[in-house]
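Observations on the three-dimensional arrangement
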Amino acid sequence: MPTTTPTRAATRVAPEELYRPCDPATLPFDSTAGAADTPGIIGQDRAVEAVRFGIEIRREGYNLYALGPHGVGKQSLLRQFLDPRAAKETTPSDWCYVTNLEDPLRPRALELPPGMGARLRDDLKNAITALRGLMRAAFQGDEYRTKKLRLVARFKEREEAAFAVVQERAKQRSIALARSDTGLVVAPLHDGAPMHEAEFEKLPAAERERYKERLEQVSHDLQAFFAQVHEWTQESRAAFEELDRTTAADSARTVLDRIRPSYEQLPEVMKHLAAVETDVVSRAAELLEESEDGGFEAAFRRALQRGSLGTTHRYAVNLLIDNAGGKGAPVVYEDNPTHANLIGRIDSVSQLGATITDSTMIRAGALHRARGGYLLLDVLDVLREPFAWDSLKRAIRSRQVRTEPLGRVLGITPTLPLEPEPIPLGETKIILIGERTLYYLLSAYDHDFLELFKVMVDFEDNMDRGPESQRLYAQLIASLATKEQLRPLDRTAVARVIERAARIAGDAEKLSVHMRRMADLLREADYWAVNAGHEIVSAADVQAAIDAQERRAGRLRERIREATRRQTLVVETTGARVGQVNGLSVITLGEESFGHPTRITARARMGKGEVVDIEREVDLGGPIHSKGVLILTGFLGSLYATRVPLSLKASLVFEQSYGGVEGDSASLAELCALLSAIGEIPIEQSLAVTGSVDQHGRVQAIGGVNEKIEGFFDACSDRGLTGDQGVLIPKSNVKHLMLRKDVVEAVVDGRFHVHAVENVDQAIEILTGRPAGDTSAGAVPEPGSVHAAVEARLLAFANDARSFMKDESTDRKADSGSTTR
């Protein structure tokens, strides 16, 4: 049975320090039903200040990066700030793409006041539809027909008059000239009648020659006539085209003049309307042709012939950004930030083996939709997508969004792509959300990052716990329950949730602000309340939810506990052993952590002042663990090797450890095992140890103290608590204690103990039942003390080493002399 020493009694942690409960009486309501609502932002003063600064400063590069662990409510906090502020800001402009009628491959961007984009789209669509009907009516109307007939008659009269003159001159030359269905008929005249060929051949040769000369003269007259007719045909064609142009222009002017007054204050829109008016006049035939019913296939064939989708698309307005009815600036969260989803894309249609696109197929990206407002992005999602990060940075640097296919970025576009005019980014704020690690990696390796994202919004993991913060936290729980439409929670349930928040924080003086985990706990407690038939959620329902969470994640914990209980993993909880101590480890799987005991052993022998870390030798020890072992060497050297060399070679190992070992939280246990091995002093196996140690022997805080204590408690309780078992922890960890109820009850009953130590001397006294011994300057440790035994053994190692070296030197000299003789 362990010896009860003054140190053991003095270091015991009082039961009230093992768990800091939340008094339900201090909460501001009996249940969350009707409790005062909270803004949902508590414990994040630094982040709130940074967000306020980041969204108010309007300077280049002052975009935000919200960093912190997943689940603390980064996006929720940002939305709570952004939504009300954005609602008060000016609604940004609409933006449209229209065909550049001078260069269709470079669509133009038009900016319009909010709501005017849809109006322009509808106005122009209706205008083109009306224009087709008006043109059809104009070209089929009596006025147009009359004018066209007049032109035809005028040119016909001129032609007939000219032909008559040629015909009369031919007659004077005794040549007949007449029109027939097959063309002009030319023949010699004899006695006023045309001669047949046979008659002509009977004429004397001189007479035939005179007729041939006259026919030649008539031929020249006809050539002049045909030349004149060709000129008149050109004039007539020009006149007809002018008639068509005038008719179309009158129709276009009539239709477009109806919508122009709405856009008089928008010069670029007026310029586009003027271009449309000019273009529809030149394409009146196409408009009339498309008004006829030919089906999609006929329309597409016409499109292939012209290389476009026709006038319907040519004059269509592509409303890219529509802020009609918008109340303030947009707040956009893009959950799939690909290259195309950020900067937009250009679609196309494929038919009959051809691919056609135009300005109506340009699609908006998140940067377009968020223009003039706020765009929230998960930085990890952006980095995962090819070229998305570069495209985002390019847009921020240039302050404009240039929509281009990914193939063009890569230089592999097989056809001529559209090159839409870029749209200004304006005062859009880009807000990245991500882990701290990514922030620091981007800061180190991306030279543009800190220039483009100057505002760091650093979220806390925990908040201070006090009476006022507990009341605020209680109100936050009430708000979450209301938001999730859960059953009301009574005082005890809220208090239990607050206590759970402290346990998740790993600190009795802190509360976790991991809102997702808290919301999950409330939902699950509501579920268990329903199963139990409770109208109001109680502390028992919250505890049932906690137990269920731990059980779902507890498979590995139970397997390790079972292996320890069955001695598959050898852990002793009674008796005493030299050079062996129970260390404590923590395993974290997802969001759940658990502790379990690990046997640490040490062996010591004469050597050259080395402490061998076996874990490091086989590449299982991490750098921090190796650092802890080297600190032990420094401690031993400074304490015991001031007068004689440290003639020691010791080894340390985590027994039955088959994976990596990292951290320095076992350095106190390793040092105690090492002192036990050197001094050949047994260590009580009913105790486990955790804590790091410095070169002066001071014990320092470690993480996972609650899980470690509970892990050893479970191992002991499985074999039966004896009243001697317990755990040694750093005194600086006492404020972190939020132990399970069964552990606290065992301590209250004296069946289990928790000792808080400040230095190695206190720890070794508790573990061995012996006084540590005075090791202050000039002092000699009292006989029977731990340090006296260790010092005596080390001195024996040193003397043995000296004798060995002396004997070896003598032997070498003897060998040397014998060789000389």
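Here, the structure is the one placed above.
Here's what I pulled together on the structure shown here. Nothing here was measured: the structure is a model prediction, and the numbers come from that model. (Residues numbered from 1 in each chain as written. Predicted model: local features only at pLDDT ≥ 70, side-chain atom pairs only at ≥ 80, totals over all residues. Heavy atoms only, no water.)

Below, the discussion takes up the side chain of K708. On the secondary structure map, K708 appears in helix 27 (residues 705–719). Despite its burial, K708 remains without a salt bridge, the nearest opposite charge being carried by D664 at 7.8 Å. There is a polar contact of 3.0 Å between the side chain of K708 and the side chain of S665. Sequence-distant contacts of K708, defined by excluding residues within four places in its chain, comprise L584, S585, V586, G595, S665, T690, I702 and G703. (Helix = DSSP H or I, 4+ residues; strand = E, 2+ residues; numbered from the N terminus. Buried < 20%, exposed > 50% of the residue type's maximum accessible area, 1.4 Å probe, protein only. Lys, Arg positive; Asp, Glu negative; His and termini not counted. Salt bridge = Lys/Arg side-chain N within 4 Å of Asp/Glu carboxyl O. Polar contact = N/O pair within 3.5 Å; in protein donor to acceptor, adjacent residues only side chain to side chain. Contact = heavy atoms within 4.5 Å.)

Bringing the packing of aromatic side chains into the picture now. For the coordinates displayed, the defined rule picks out 11 aromatic pairs. Where Y527 meets W528, the ring centres are 5.1 Å apart and the plane angle is 80°; that geometry is what we call edge-to-face. Exposure remark for W528: the relative accessible area of 29% places this residue in the partly exposed category. Ring geometry for F713 versus F752: centroids 5.2 Å apart, planes at 90°, classification edge-to-face. Of this pair, F713 sits in helix 27 while F752 sits in the loop between helix 28 (741–748) and strand 30 (753–757), placing them 39 residues apart in sequence. In this pair, the class of F713 matches that of F752, namely buried. Grouping aromatic residues by their ring pairs yields a cluster made of Y65, W389, Y439, Y440, F449 and F453. (Phe/Tyr/Trp six-rings, centres within 6.5 Å; stacked < 30°, edge-to-face > 60°.)

Among the surface-exposed residues, L184, V186 and F226 lie close enough to one another that they form a single nonpolar patch of about 240 Å² accessible area. With respect to the element layout, F226 can be found in helix 7 (residues 205–256). Of the residues examined, F226 reaches a relative accessible area of 44% and is grouped as partly exposed. (Patch = residues over 30% accessible without salt bridge, like charges linked within 9 Å, V, L, I, M, F, W, Y side chains within 5 Å. Areas by Shrake-Rupley, 256 points an atom, 1.4 Å probe, with all protein chains shown as cover.)

What follows covers the packing of helix 4 (residues 116–140) against helix 8 (residues 267–282). Geometrically, a packed helix pair is captured by the angle between its two axes and the distance between the axes. Where helix 4 contacts helix 8, the axes come no closer than 13 Å and their chain directions differ by 20°. With respect to each other, helix 4 and helix 8 are oriented roughly parallel. The crossing of helix 4 and helix 8 is right-handed. Each of L120, L124, I128, L131 and M135 in helix 4 lies in contact with helix 8, whose residues at this interface are V269, H272, L273 and V280. Tallied by class, the residues present in the contact of helix 4 with helix 8 amount to eight nonpolar, one polar and no charged. (Axes fitted to C-alpha atoms, helices over the stretch in contact; angles between N-to-C directions. Parallel < 35°, antiparallel > 145°, perpendicular 65-115°, else oblique. Left-handed = near helix turned anticlockwise from the far one by under 90°. Nonpolar A, V, L, I, M, F, W, Y, C, P; charged D, E, K, R; others polar.)

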